[in-house]
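Breakdown of the fold
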Amino acid sequence: MTTDPPSGQAGPTASAEPAEPSREPDQGRAHRARRAFRRWRRTRPFWAALWTGTGGFVIFFLPMAPLGKILQVGVGGIAGMAGGVVIMAMALLVLLLPSQRHTAGVIAVIAGVASFPLSNLGGLFVGMVLSVLGGSMAFAWLPEKPARRRGGPLRRDRGPAAGTPVPPASVGSGSV
């Protein structure tokens, strides 16, 4: 059952209405951006930088308190904030310069462990654990190797080539 257009208007019936414009270009752009970010992320130790940066953030902001508390904390609070800044800087270094991941990872681990006595037990253990986890992940990260071609000329572990006759085992040769 179709509805007639209101009087005075000429137009298509309800069943022949044009569809709403689709949002294909926006979805395509978002998909391309997500794919480009994924490609960029896989070329560097992204998760190591994320954990290291989160640990540095916790260590840096845990000593932050109202002014009355900061005055009581004193030099210990400043040392904790400096350690947090160093750890967050190492996270950025790991993310932006993956070739320096070994040095930055070791420094992040050392600063994370040093935050234990310097900054409220290493950000109540959370910041220290995240910094050590991220620094060790950065140190251990290896770039992805390109996939090898199957059946290429570099494969040496193959048996005899296909079509090459294999000599039959001799009977009675004395070998077992």
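To start, this report covers the structure provided alongside it.

Each value, and the rule that gives it
- Here the residue numbers are simple positions, counted from 1 along each chain's written sequence.
- pLDDT decides what is reported in this predicted model: residues at 70 or higher carry local features, side-chain atom pairs at 80 or more are listed and counted, and totals for whole chains, interfaces and linings draw on all residues regardless.
- Just so you know, side-chain values use all the structure's heavy atoms and leave hydrogens and water out.
- Angular values range over 0 to 180 degrees, each being the angle between N-to-C directions of two axes fitted as lines to C-alpha atoms, with helices fitted over their stretch in contact.
- Helix and strand definitions here come from DSSP, where helices need a minimum of 4 consecutive H or I residues and strands a minimum of 2 consecutive E residues; each element is numbered from the N-terminal end.
- By the definition adopted for this analysis, an angle is roughly parallel if under 35 degrees, roughly antiparallel if over 145, roughly perpendicular if from 65 to 115, and oblique otherwise.
- Crossing handedness: left-handed means the near helix sits turned counterclockwise from the far one by under a right angle, and right-handed means the same turn made clockwise.
- Should any heavy atoms of two residues lie within 4.5 Å, those residues are considered in contact.
- Here the nonpolar group is Ala, Val, Leu, Ile, Met, Phe, Trp, Tyr, Cys and Pro; Asp, Glu, Lys and Arg are the charged ones; every other residue, Gly included, is treated as polar.
- Whether a residue is buried, partly exposed or exposed follows from its accessible area with a 1.4 Å probe, protein chains only, as a fraction of its type maximum: under 20%, in between, or over 50%, in that order.
- Side-chain rings of Phe, Tyr and Trp (the six-membered ring for Trp) are treated as a pair once their centres are within 6.5 Å; stacked means planes under 30 degrees apart, edge-to-face means over 60, and tilted covers the remaining angles.
- Exposure above 30% relative accessible area and the absence of a salt bridge qualify a residue for a patch, where like charges join within 9 Å and nonpolar side chains (Val, Leu, Ile, Met, Phe, Trp, Tyr) within 5 Å.
- In these tables, accessible area is a Shrake-Rupley quantity obtained with a 1.4 Å probe, and a residue counts as shielded only by the protein chains included in the view.
- Throughout this description, the term salt bridge denotes a Lys or Arg side-chain nitrogen within 4 Å of a carboxyl oxygen of Asp or Glu.
- Within this scheme the basic residues Lys and Arg register as positive and the acidic residues Asp and Glu register as negative, but His and the chain ends are omitted.
- Note that the charge is assigned to NZ on lysines, CZ on arginines, CG on aspartates and CD on glutamates.
- Residues belong to a common nonpolar core when they are buried Ala, Val, Leu, Ile, Met, Phe, Trp, Tyr or Cys residues joined through side-chain atoms within 4.5 Å.
- In this analysis, the expected span of each helix is defined as 1.5 Å times one less than the number of residues it contains.
- Here, the arc refers to the directions that run from the helix axis to the C-beta atoms.

Relative to each other, helix α2 (residues 46–61) and helix α7 (residues 126–140) sit at 155°, their axes nearing to 7 Å. Put simply, α2 runs roughly antiparallel to α7. As for the relative orientation of α2 and α7, their crossing is left-handed in sense. Where α2 abuts α7, its residues W47, A48, W51, T52, T54, G55, G56, V58 and I59 lie against V126, G127, M128, L130, S131, L133, G134, G135, M137 and A138.

Relative to each other, helix α5 (residues 101–118) and α7 sit at 165°, their axes nearing to 8 Å. Classified by the angle their axes make, α5 and α7 are roughly antiparallel. You can see that α5 and α7 cross each other, and the crossing is left-handed. Residue-level inspection shows R101, H102, G105, V106, A108, V109, G112, V113, S115 and F116 of α5 in contact with α7, the latter providing M128, S131, V132, G135, S136, A138 and F139. Here the residues of the contact of α5 with α7 sort into nine nonpolar, seven polar and one charged.

Attention shifts here to the environment of G122. Along the chain, G122 falls in helix α6 (residues 120–124). A residue is classified by how much of its surface remains accessible, and G122, at 0% relative accessible area, is buried. In this structure G122 touches I59, S115, F116, G127 and M128, once residues within four positions along its chain are discounted.

All right, on to the packing of aromatic side chains then. Two aromatic rings are characterised by how far apart their centres lie and by the angle between their planes. Enumeration according to the criterion identifies six aromatic pairs in this entry. Plain terms: the ring middles of F60 and F61 are 4.7 Å apart, the flat faces sit at 90° to each other, and that makes the pair edge-to-face. Judged by its relative accessible area of 18%, F60 is buried. Ring geometry for F116 against F125: centres 5.6 Å apart, planes inclined by 40°, an arrangement best described as tilted. A connected cluster of aromatic rings, assembled from ring pairs, spans F37, W40, F46 and W47.

Below, the discussion takes up unusual backbone geometry. Within the chain, F125 stands out as a residue other than glycine whose phi angle is a positive 70°. Relative to the assigned elements, F125 resides in the loop between α6 and α7.

Where like charges cluster on the molecular surface, the positive patch consists of R32, R34, R35, R38, R39 and R42. Within the fold, R35 resides in helix α1 (residues 24–41).

Glancing now at a nonpolar patch on the surface. Judged by side-chain polarity, W47, L50, W51, L133 and M137 come together as a nonpolar surface patch covering roughly 440 Å² of accessible area. Elements with a contribution of two residues or more to the nonpolar patch: α2 and α7. Sort the elements by how many residues they give to the nonpolar patch and α2 lands first, with three residues. Residue placement: L50 occurs in helix α2.

With that settled, consider the nonpolar core. F46, A48, A49, M90, V94, L95, A104, A108 and A138 form the largest nonpolar core, which has nine residues in total. In contact with L95, other than residues within four places in its own chain, are W40, R44, F46 and A49.

Let us now look at α7. If you check α7, its first and last C-alpha atoms are 21 Å apart, about what 15 residues at 1.5 Å a residue would give, namely 21 Å. Within α7 the residues assigned to the buried category are G127, M128, L130, S131, G134, G135 and A138. On an axial view of α7, the arc spanned by its buried residues comes to 165°, and they lie on one face.

When the terminal C-alpha atoms of α2 are compared, their 22 Å separation across 16 residues agrees well with the 22 Å that a helix rising 1.5 Å per residue should span. Among all positions in α2, only F46, A48, A49, T52, G53, G55, G56, I59 and F60 are buried.

In short, geometric facts, not functional conclusions.
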